[in-house]
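# Report on the structure
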Amino acid sequence: MNIIITNSNDTPIFMQIKDSIKESIFLDTLKEGESLPSVRAFASDLKISFLTVKRAYDELEKEGFIKTIPGKGSFISPKNMELIREEKLKQIESYIEEIYKLSKISNITEEEIKELFQFIFEEEQK
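Small disclaimer: the values here were computed from a predicted structure and weren't measured.

Tallying secondary structure elements over the protein chain gives 5 helices and 2 strands in all. Here the C-alpha atoms of the protein chain give a radius of gyration of 19 Å, more than 25% beyond the 14 Å that 2.2 N^0.38 yields for 126 residues. Reported as C-alpha extents along the three principal axes, the dimensions of the protein chain are approximately 55 × 30 × 25 Å. Counting across all 126 residues of the protein chain, residues that qualify as buried make up 24%.

Printed below as a string of structure tokens:
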């Protein structure tokens, strides 16, 4: 598994791992039933504490993206399309909040923002 972590941003390492795995699941790079590396092996590969990887795995399991079977390992859970949709909706909401903030400080009207969205959707359909 190819995960790149960096110390140069504010995102904690466990979150970088968690987000990378989730993105791989969304993109179907990691498929249902596929096994993840063991916590210790993954930590060794990334040259980080196994507790960091364990925390990422625990969060992924709590969110329903992986299933850990004691003595066997961690595996990608069946895709829950509603869970994926909810995750993406949350991400879109965050982007919209940023757009709103930018529009306020830039004096861009709601109508102009709607026009931009309309233009983007129309272009996508061509």
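On to unusual backbone geometry, then. In the Ramachandran plot, D28 falls in the positive-phi region, its phi being about 70 degrees despite a non-glycine side chain. Given a relative accessible area of 35%, D28 falls into the partly exposed group. We note that N107 has phi near 60 degrees; this positive angle belongs to a residue other than glycine. If you trace the backbone, N107 turns up in the loop between α4 (81-106) and α5 (110-124). Looking at N107, the relative accessible area reads 69%, which means it is exposed.

All right, on to the packing of helix α1 (residues 13-26) against helix α3 (residues 50-62) then. Two numbers describe how α1 lies on α3: the axes approach to 8 Å, and their chain directions differ by 45 degrees. In terms of orientation, α1 lies oblique with respect to α3. Crossing angle aside, the handedness with which α1 passes α3 is right-handed. Here α1 contributes I13, F14, I17, K18, I21 and K22 to the contact with α3, which in turn contributes T52, V53, R55, A56, Y57, E59 and L60. Grouping the constituent residues of the contact of α1 with α3 by class yields 8 nonpolar, 1 polar and 4 charged.

Residues I17, I21, F42, V53 and Y57 are the most contacted members of the largest nonpolar core, which totals 20 residues. Mapped by element, the contributors of at least two residues to this core are α1, α2 (39-46) and α3. Among the elements that line this core, the one with the most residues is α1, at 5 residues. The contact partners of I17, leaving out residues within four places of it in the chain, are I3, I5, F42, L46, I48, T52, V53 and A56.

The rules behind each value
- Residues numbered from 1 in each chain as written.
- Predicted model: local features only at pLDDT ≥ 70, side-chain atom pairs only at ≥ 80, totals over all residues.
- Heavy atoms only, no water.
- Helix = DSSP H or I, 4+ residues; strand = E, 2+ residues; numbered from the N terminus.
- Rg over C-alpha atoms; globule rule 2.2 N^0.38 Å.
- Buried < 20%, exposed > 50% of the residue type's maximum accessible area, 1.4 Å probe, protein only.
- Axes fitted to C-alpha atoms, helices over the stretch in contact; angles between N-to-C directions.
- Parallel < 35°, antiparallel > 145°, perpendicular 65-115°, else oblique.
- Left-handed = near helix turned anticlockwise from the far one by under 90°.
- Contact = heavy atoms within 4.5 Å.
- Nonpolar A, V, L, I, M, F, W, Y, C, P; charged D, E, K, R; others polar.
- Core = buried A, V, L, I, M, F, W, Y, C linked by side-chain atoms within 4.5 Å.

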